[in-house]
Amino acid sequence: MGLGLTSCDNYLDINQDPNSPAEENMTAEILMPAAEVNLAYTYGDVLRIFTGFYVQYYGQMTGTSNYLDMTNFTMSTTRSQGSYAQLNDRVIKSAETIRTLSAEKEEWGSYLAATVLRAFAYQILVDAYGEIPYSEAQSISNVAPKYDDGQDIYTDLIATLDEALDKVQPTDKVATNFTFAGESAASWIQFANALKLRLLVRESGVTDVKSQIAALIAEDNFPTADITIEGCWKNEQYQASPFYSEEFSNWATQKNVVANVAIIGTMQQLDSNGNPVYEDPRLGAFFTTNTSGEFTGSVSGTNFATATDKDWGVGTYWSRPVASYDMPVYLITVAETEFLLAEYEARYGSAANAQAHYEAAIEASCETAGVSGAADIIAQFPYDNANYKQSIGLAKWLALAGVNSFESWCEVRRLGYPTFGTVTAANLADDAAHSYTPENYVPGTLYTPLHVYNEVGPNQILARFPYPLNSTSTNSNSPTFPGYKAPIFWAK
């Protein structure tokens, strides 16, 4: 199917090349939806799954092993190259073309939208790899582009967003898109502001951007609803929401992802008799119960491939993430923005304002989940300004559990919470004995997987992806990989 046609079906088939129309026929109307869908399939599926294992939202389904290495905090150069290629070839390049076409016609609404998508994709790449080709990346004649420092890329991304924002008016039209279908540039302006806030706060620990954040907050023009790609998914192969299509659909070749004991054990805390003493109201919105009506989470690094007791062998014992064919792919939520504002206030403003934003974030998270009960969560995890990183880090980890594991991975690495406790996977499960003791888990902590990758080691989350093979194999300017424990610039 050619993407030159305008039906939703064509845009959703990611097996088609978004640049397939002849060059002279390319338009922003053709390229924008294709860029969005390819972003959704990378960010909302592959990266969601990979990083969901790292932040211990997910465990490996019994009897299958597709992501067992991920549960042990690994990532290979070949595994990581798919996301890298998808974002570069099918999102960034399309966005660059849209920017060129829109600038030629002075269509500044579409120009801003493409700039936002481009910056969003580059943010993902920097946060995953640290250093990537950027300033020389789009030169076709340069087969060995240099790798730019992540902080330099962040600085330029903010500058390009500012440049696009300076040109646009809220009433400007935007090319066909799924993110804000039929809306003017006003919504994309808010998206750009939220993305700028994410970038600025993320780098604020290593560089002075206080005045930039303050100016953005003074403008007070952030999204009032979650920014998602939705409303375009169908219950058909290649056209369903990405995570559902990969893991839950009738055409999925294998079911791999189950809940992890860490997230289940924090969202539902039990007494010594196994009775719930606290249950997060979002738990049922994020995860299913098993066939016995219980919430259960697997242990990182375990597989129990030959176990049959408790129906492990047929995969009915574990909870799974909630998913549907039309589920949104979340780009930035209101809760995330509120948490970022809380962090700014904790560092530079007032404790009272920080607490207000913190509580607003939890309320927004409940709204995203479609549940009430924010007051119960706030009472269970009250804000502590003296330990704001711990408060915000843990609350954000919980809020993103059913929403966006990639951004959770970023914030766990940056804020350092939840931290590792003294309990390890060896205290929670034993592959050989097929034993499972979730009662040993300490709520609100991470734990070292049973067979953790030796280049990561105990009490350490995977800090970055290795440079992708498809970028380094023929590039004489590719740097030496600093190691799986080397932090991204904003986590140093």
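Our subject is the structure listed above.
(A) Representation of the overall build of the chain in the model. A tally of helices and strands in the chain yields 17 helices and ten strands. In terms of C-alpha radius of gyration, the chain reaches 22 Å, essentially the compact-globule figure of 23 Å for 492 residues. Counting only C-alpha atoms and orienting by the principal axes, one finds that the chain spans roughly 70 × 50 × 45 Å. By the burial criterion, 57% of the 492 residues in the chain qualify as buried. A total of about 18,500 Å² of accessible surface is found on the chain, and carbon and sulfur atoms cover 46% of it. For the chain, the distance from the average position of its 27 positive side-chain charges to the average position of its 57 negative side-chain charges is 4 Å.

(B) Structural detail: empty space enclosed by the protein. All chains considered together, the criterion is met by two cavities of 30 Å³ or more. Put simply, the largest cavity is a space of about 100 Å³. Lining the largest cavity are 14 residues, and of these G44, R48, V329, Y330 and V403 sit closest to its centre. Looking at the lining of the largest cavity, the elements that each hand over two or more residues are α2 (28–54), α9 (242–247), β8 (329–332) and α16 (405–415).

(C) Focus on α16. Across the eleven residues that make up α16, a large majority, eleven, are buried. Its side-chain oxygen 3.3 Å from the backbone nitrogen of F406, N404 forms the N-cap of α16.

(D) Structural detail: the packing of aromatic side chains. With the rule as written, the count across this model stands at 36 aromatic pairs. On the numbers, 5.2 Å between centres and 80° between planes, the contact of F180 with W188 is edge-to-face. With respect to burial, F180 and W188 carry one shared label: buried. Judged by centre distance (5.1 Å) and plane angle (45°), the ring pair of Y358 and Y383 falls under tilted. Here Y358 is found in helix α13 (residues 351–369), whereas its partner Y383 is found in the loop between α14 (374–380) and α15 (388–399), with 25 residues between them in sequence. You can call Y358 buried: its relative accessible area is 1%. Among the aromatic residues, those joined into a ring-pair cluster are Y43, Y54, F73, Y84, F120, Y129, F180, W188, F191, F406, W409 and F465.

(E) Region of the structure containing helix α4 (residues 81–105). Under the 1.5 Å per step criterion, the end-to-end length of α4 is 35 Å for 25 residues, consistent within 8% with the ideal 36 Å. At N88, α4 shows its largest kink, close to 30°. E106 lies just past α4 and shows a positive phi near 55°.

(F) Region of the structure containing the environment of K93. With respect to the helices and strands, K93 occurs in helix α4. The partly exposed category is assigned to K93, whose relative accessible area is 37%. The sequence separation of K93 and R118 amounts to 25 residues, and the corresponding C-alpha distance is 8.3 Å.

(G) Looking closely at the pattern of salt bridges. Tallied over the entire structure, the rule returns 18 salt bridges. Residues E96 and R118 are paired through a salt bridge, measuring 2.8 Å at the closest nitrogen-oxygen approach. Pair noted here: E96 is in helix α4 and R118 is in helix α5 (residues 108–129), with a separation of 22 residues, a long-range link. E411 is paired through a salt bridge with K396; the nearest N and O atoms lie 2.7 Å apart. Residue E411 is located in helix α16, and its partner K396 is located in helix α15; the two are separated by 15 residues in the primary sequence. Like K396, E411 is buried. Each of D127, R198, R202, E336, E343, K396, E407, E411 and R414 takes part in a single network of salt bridges with overlapping partners.

(H) Spotlight on the packing of helix α7 (residues 185–203) against helix α8 (residues 210–219). Contact geometry of α7 with α8 gives a least axis separation of 10 Å together with a crossing angle of 150°. In terms of their interaxial angle, α7 and α8 are classed as roughly antiparallel. When the axes of α7 and α8 are compared, the crossing they make is left-handed. On α8, the residues touching N193, K196, L197, L200 and V201 of α7 are Q212, I213, L216 and E219. Residue composition of the contact of α7 with α8, by class: five nonpolar, two polar and two charged.

Reading guide: rules and limits
Residues numbered from 1 in each chain as written. Predicted model: local features only at pLDDT ≥ 70, side-chain atom pairs only at ≥ 80, totals over all residues. Heavy atoms only, no water. Helix = DSSP H or I, 4+ residues; strand = E, 2+ residues; numbered from the N terminus. Rg over C-alpha atoms; globule rule 2.2 N^0.38 Å. Buried < 20%, exposed > 50% of the residue type's maximum accessible area, 1.4 Å probe, protein only. Areas by Shrake-Rupley, 256 points an atom, 1.4 Å probe, with all protein chains shown as cover. Lys, Arg positive; Asp, Glu negative; His and termini not counted. Charge placed at Lys NZ, Arg CZ, Asp CG, Glu CD. 1 Å grid on protein atoms, 1.4 Å probe; cavity = no way out; pocket = protein on both sides within 12 Å on 5 of 7 lines; lining within 4 Å. Points joined across faces, edges and corners; volume = space filled by probe spheres on them. Polar contact = N/O pair within 3.5 Å; in protein donor to acceptor, adjacent residues only side chain to side chain. Phe/Tyr/Trp six-rings, centres within 6.5 Å; stacked < 30°, edge-to-face > 60°. Expected span 1.5 Å × (residues − 1). Bend = angle between axes of the 7 residues up to and from the residue. Salt bridge = Lys/Arg side-chain N within 4 Å of Asp/Glu carboxyl O. Axes fitted to C-alpha atoms, helices over the stretch in contact; angles between N-to-C directions. Parallel < 35°, antiparallel > 145°, perpendicular 65-115°, else oblique. Left-handed = near helix turned anticlockwise from the far one by under 90°. Contact = heavy atoms within 4.5 Å. Nonpolar A, V, L, I, M, F, W, Y, C, P; charged D, E, K, R; others polar.

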